[in-house]
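Tertiary structure, described
Residue strings, one per chain:
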Amino acid sequence: MQFRVLGILALALTLPGCSSFSLSDIPGLGALASDTRVAGKGETAASLNEFRAAHGLKPLRSDSRLTAMAAAHAADMARRNSLDHNGFMTSRGPAGATAENVAYGCKDTACAMRLWINSSGHRKNMLRTDVSRYGLASATAANGRRYWALEVGQ
């Protein structure tokens, strides 16, 4: 757990817009839910869209193209054991993704959403008014660590 927290902190300090990330803001970091559905439309839409609705924003719709991008990126991160945005500017962005959130270490969607909600840069991506669709996926590395990618776009 200590290494996961250090990894999250290191990522938060290196990603643009994430410098105000606070570990004390992450509720239940060590108490993950047992639900392990990956990118379940109902669960994902509920948590993402409930968060957006609480801020007066319209819901996002699941998009198969963005989901495929998220799945490919999550699988690539898991294969390389590297949390990053590699390829966003050269492939996913030009293909229609407006913004991207990544995370690792969470066993379920709810945990990934909590991490992103409590990180200023990721939170801003989830609250963008210029997006209408999303795609979410995760992939598990050989060492058991799960990597997550959320793509939002038009």
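Note on numbering: residues in each chain are counted from 1, in written sequence order. Local features are withheld for residues below a pLDDT of 70 in this predicted model, meaning they are given only at 70 or higher, and side-chain atom pairs are given and counted only at 80 or more; totals for whole chains, interfaces and linings count all residues. Side-chain measures were taken over the full set of non-hydrogen atoms in the model, leaving aside hydrogen atoms and water.

1. A short note on the pattern of salt bridges
Where we set the bar: Any Lys or Arg side-chain nitrogen found within 4 Å of a carboxyl oxygen on Asp or Glu counts as a salt bridge. Comment: elements are numbered from the N terminus, with helices defined as DSSP H or I runs of at least four residues and strands as E runs of at least two. Summary of the burial criterion: residues with accessible area below 20% of their type's maximum are buried, those above 50% are exposed, and those between are partly exposed, where the area comes from a 1.4 Å probe applied to protein chains only.
In the structure shown here, the tally under the stated rule is 8 salt bridges. With a closest N to O distance of 3.0 Å, Arg80 and Asp76 form a salt bridge. Linking Arg80 with Asp76, this pair stays in helix 3 (residues 64-80), spanning 4 residues, or about one helical turn. Judged by relative accessible area, Arg80 falls into the partly exposed class, the value being 27%.

2. Remarks on the environment of Ala103
Our working definition: Should any heavy atoms of two residues lie within 4.5 Å, those residues are considered in contact.
Among the structural elements, Ala103 can be located in strand 2 (residues 97-104). Classification of Ala103 by relative accessible area gives buried; the value is 4%. Linking Ala103 and Ala149, residues 46 residues apart in sequence, is a C-alpha distance of 6.7 Å. Filtering out sequence-adjacent residues up to four positions away, Ala103 remains in contact with Leu83, Leu115, Trp116, Arg146, Tyr147 and Trp148.

3. Looking at the confidence of the model for the chain
The line we're drawing: For every residue, the pLDDT score states the predictor's confidence, bounded by 0 at the bottom and 100 at the top.
Here the chain averages 78 in pLDDT, while 70% of its residues score no lower than 70. Ranking the elements of the chain by mean pLDDT puts helix 1 (residues 2-14) last, at 35, and strand 2 first, at 98. Throughout residues 1-38 the model reports pLDDT below 50, and contacts reaching past four residues in sequence, or to other chains, amount to 59 contacts.

4. What about the environment of Gly87?
When you line up the elements, Gly87 lands in the loop between helix 3 and helix 4 (88-92). C-alpha separation for the pair Gly87 and His73, spaced 14 residues apart in sequence, amounts to 8.3 Å.

5. Some details on helix 5 (residues 109-117)
Which entries qualify depends on this criterion: Two N or O atoms count as a polar contact when they lie within 3.5 Å, although within protein this holds only if one can serve as hydrogen donor and the other as acceptor, and sequence-adjacent residues are included solely when both atoms are side-chain atoms.
Turning to helix 5, its buried residues are Thr109, Cys111, Ala112, Met113, Leu115 and Trp116. With a side-chain oxygen lying 3.4 Å from the backbone nitrogen of Ala110, the N-terminal cap of helix 5 falls on Asp108.

6. Considering the sheet that holds strand 1 (residues 61-62)
Think of a sheet as strands paired side by side through backbone hydrogen bonds, with each pair either parallel or antiparallel. Basically, it comes down to this: Here, a strand pair is defined by DSSP locating no fewer than two bridges between the strands. Every axis in this analysis is a line fitted to C-alpha atoms, fitted for helices over the stretch in contact. Angles between the N-to-C directions lie between 0 and 180 degrees.
One open sheet accounts for 4 strands, arranged 1-3-4-2; its pairing is mixed. A single partner strand is all that each edge strand has here, and the edge strands are strand 1 and strand 2. Relative to the sheet, helix 3 contacts strand 1, strand 2, strand 3 (133-140) and strand 4 (146-153), its axis offset from that of strand 3 by approximately 25°.

7. Considerations on helix 3
Quick reminder of the rule: Take the residue count of a helix, subtract one, and multiply by 1.5 Å to get its expected span. Within this analysis, the arc is defined by the directions that extend from the helix axis to the C-beta atoms.
Here helix 3 is 17 residues long and its end C-alpha atoms lie 24 Å apart, about the 24 Å a rise of 1.5 Å per residue gives. Those residues of helix 3 that sit buried are Leu66, Met69, Ala70, His73, Ala74, Met77 and Ala78. Projected down its long axis, helix 3 shows its buried positions confined to an angular sector of 165°, all on one face. Set apart from the buried face of helix 3 by more than 90 degrees, the exposed residues are Ser64 and Arg79.

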